[in-house]
Amino acid sequence: GNSVTQMEGPVTLSEEAFLTINCTYTATGYPSLFWYVQYPGEGLQLLLKATKADDKGSNKGFEATYRKETTSFHLEKGSVQVSDSAVYFCALSDRDGNKLVFGAGTILRVKS
Amino acid sequence: GAVVSQHPSWVICKSGTSVKIECRSLDFQATTMFWYRQFPKQSLMLMATSNEGSKATYEQGVEKDKFLINHASLTLSTLTVTSAHPEDSSFYICSALTRETQYFGPGTRLLVL
């Protein structure tokens with residue numbers, strides 16, 4: 001079945017540091033890929049998505065590129081802020097958006 | 001756009017009572033909504049898929065008689081936890097599907113005493 005593997009956290013960075021959170025997936029067919037962010041005590045917010053190979057999703061300074069050859073969708077940001085502290089979930093779904101499969105989540109802590 | 005709300009945001013109830021949680025898509029119509037459960041410091045677990053006008057589809061291991069789902073309109077799905085027990089205490093999150101993407105509500109924290 002489909003699955004998503006994320007790097008374990010927590011990831012602790014200083015403000016303005018470079019961020020990478022690794023995400024790899026196993027899927028049949030051509031899934032859509034997502035990054036969601038969850039702030040403390042809240043639900044999930046869609047951060048970015050990509051629906052086909054080589055697509056780059058971007059939002060709020062975050063980027064991720066759909067790499068079919070390495071089955072990866074790593075999240076990057078050039079300069080993190082304290083307000084980026086949250087849990088980040090990588091996920092995939094079928095082409096219709098159904099059957100969303102989540103990774104375990106990665107806690108990001110940014111210190112000033 | 002694509003805003004989803006949940007009500008209530010948190011609820012405390014006594015063991016044996018039933019609790020209803022509402023999920024609304026505020027600025028779009030959603031034929032399909034989903035209900036998830038999240039345990040502390042864990043990922044989301046899909047409980048069921050809610051389809052407007054038809055019966056919900058439950059994931060393996062989820063008791064359909066305990067977690068009643070109704071999707072009566074294109075903007076509202078409800079989850080009722082019947083005869084709640086302390087082990088049902090959790091964070092329940094819904095999502096609504098539009099443009100091939102799921103948008104999530106803010107979650108409902110349930111505490112059963």
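Residues numbered from 1 in each chain as written. Chains lettered and ligands numbered in written order. Predicted model: local features only at pLDDT ≥ 70, side-chain atom pairs only at ≥ 80, totals over all residues. Heavy atoms only, no water.

Chemist: Mind showing me how you'd approach the pattern of salt bridges here?
Modeler: Should their charged atoms come close, side chains of opposite charge can pair. Counting across every chain of the model gives six salt bridges over all chains. The partner of Asp-84 of chain A in a salt bridge is Lys-77 of chain A, and the shortest N-O contact between them spans 2.7 Å. Lys-77 of chain A matches Asp-84 of chain A in its accessibility class, with the two residues each being buried. The residue Lys-66 of chain B makes a salt bridge to Asp-88 of chain B at a minimum N-O spacing of 2.9 Å. Of the two residues, Lys-66 of chain B is situated in the loop between β6 (57–58) and β7 (67–73) and Asp-88 of chain B in the loop between β8 (76–81) and β9 (90–98); the sequence distance between them amounts to 22 residues. (Salt bridge = Lys/Arg side-chain N within 4 Å of Asp/Glu carboxyl O. Buried < 20%, exposed > 50% of the residue type's maximum accessible area, 1.4 Å probe, protein only. Helix = DSSP H or I, 4+ residues; strand = E, 2+ residues; numbered from the N terminus.)

Chemist: How do you make sense of the layout of surface pockets when you look at a structure like this?
Modeler: Gaps left between atoms are located by rolling a probe of water-molecule size over the structure's atoms. Of the pockets and cavities examined, the largest pocket occupies roughly 490 Å³. Residue assignment for the lining of the largest pocket shows that the elements contributing at least two residues are β10 (86–93) and β12 (106–111) of chain A. No other element matches the four residues that β12 of chain A contributes to the lining of the largest pocket. For the lining of the largest pocket, the class distribution of residues is twelve nonpolar, eight polar and four charged. Of the volumes computed, that of the second largest pocket is approximately 180 Å³. Elements supplying a minimum of two residues to the lining of the second largest pocket: β6 (44–50) of chain A together with β10 (101–104) of chain B. For the lining of the second largest pocket, the leading source of residues is β6 of chain A, giving three residues. Looking at the lining of the second largest pocket residue by residue, the class counts come to eight nonpolar, three polar and one charged. (1 Å grid on protein atoms, 1.4 Å probe; cavity = no way out; pocket = protein on both sides within 12 Å on 5 of 7 lines; lining within 4 Å. Points joined across faces, edges and corners; volume = space filled by probe spheres on them. Nonpolar A, V, L, I, M, F, W, Y, C, P; charged D, E, K, R; others polar.)

Chemist: I would appreciate a short explanation of the sheet that holds strand β3 (residues 19–21) of chain A in the present structure.
Modeler: Strand pairing in a sheet relies on backbone hydrogen bonds, with the paired strands running either antiparallel or parallel. All names here are of chain A. One open sheet holds the four strands; their spatial order is β3-β9-β8-β7, and the pairing between them is antiparallel. Each edge of the open sheet is held by one strand with a lone partner, namely β3 and β7 (56–59). The mean inter-strand angle of the sheet, taken between neighbouring strand axes irrespective of direction, is 15 degrees. Here three bridges tie β3 to strand β9 (residues 75–77), and the two strands are oriented antiparallel to one another. In the strand pairing of β9, Ile-21 is matched with Leu-75. (Pairing = 2+ DSSP bridges. Axes fitted to C-alpha atoms, helices over the stretch in contact; angles between N-to-C directions.)

Chemist: Can you walk me through the interface of chain B and chain A in this structure?
Modeler: Accessible area lost on assembly of the parts is the figure often given for the size of an interface. Across the contact, 21 residues belong to chain B and 19 residues belong to chain A. On the chain B side of the contact with chain A, Ser-43, Glu-100 and Phe-104 of chain B bury the most area, a combined 30% of that side's loss. Put simply, chain B and chain A have one salt bridge between them. Salt-bridge contacts for Lys-99 of chain A lead to Glu-59 of chain B; the nearest nitrogen and oxygen are separated by 3.0 Å. Elements represented by at least two residues in the side of chain B that touches chain A include exactly β4 (32–38), β9 and β10 of chain B. When its residues are assigned to classes, the side of chain B that touches chain A shows nine nonpolar, eight polar and four charged. (Contact = heavy atoms within 4.5 Å. Buried area = accessible area lost by both parts, 1.4 Å probe.)

Chemist: Can you walk me through the environment of Leu-113 of chain B in this structure?
Modeler: Residue and element names in this part refer to chain B. Along the chain, Leu-113 falls in the segment after β11 (108–112). Taking the C-alpha atoms as reference points, Leu-113 and Ile-12, 101 residues apart in sequence, are found 7.3 Å from one another. When neighbours within four sequence positions are excluded, Leu-113 is seen to be in contact with Ile-12, Cys-13, Lys-14, Ser-15 and Pro-86.

Chemist: Sorry, what's going on with the state of the cysteines here?
Modeler: Residue and element names in this part refer to chain A. Enumeration over the complete set of coordinates arrives at two disulfides over all chains. Note that Cys-23 is cross-linked by a disulfide to Cys-90, the S-S spacing being 1.9 Å. In this structure, the disulfide formed by Cys-23 and Cys-90 twists by about -70 degrees around the S-S bond and is classed as left-handed. Here Cys-23, found in strand β4 (residues 23–26), pairs with Cys-90, found in strand β10; they are 67 residues apart in sequence, far enough to count as distant. (Disulfide = S-S within 2.5 Å.)

Chemist: Quick question: what am I supposed to make of the pairing of β8 of chain B here?
Modeler: Along a regular strand, successive side chains alternate from one face of the sheet to the other. Residues and elements named next belong to chain B. Among the six residues in β8, six count as buried, and that is most of the element. Strand direction decides the pairing type here: strand β3 (residues 19–25) and β8, joined by six bridges, are antiparallel. Bridging across to β8, Arg-24 finds its partner in Leu-76. Summarising the sheet, β7 and β8 pair through five bridges and their orientation is antiparallel. Looking at β8, one finds that Leu-68 is bridged to Thr-80. The turn joining β7 and β8, which pair antiparallel and follow one another in sequence, is formed by two residues.

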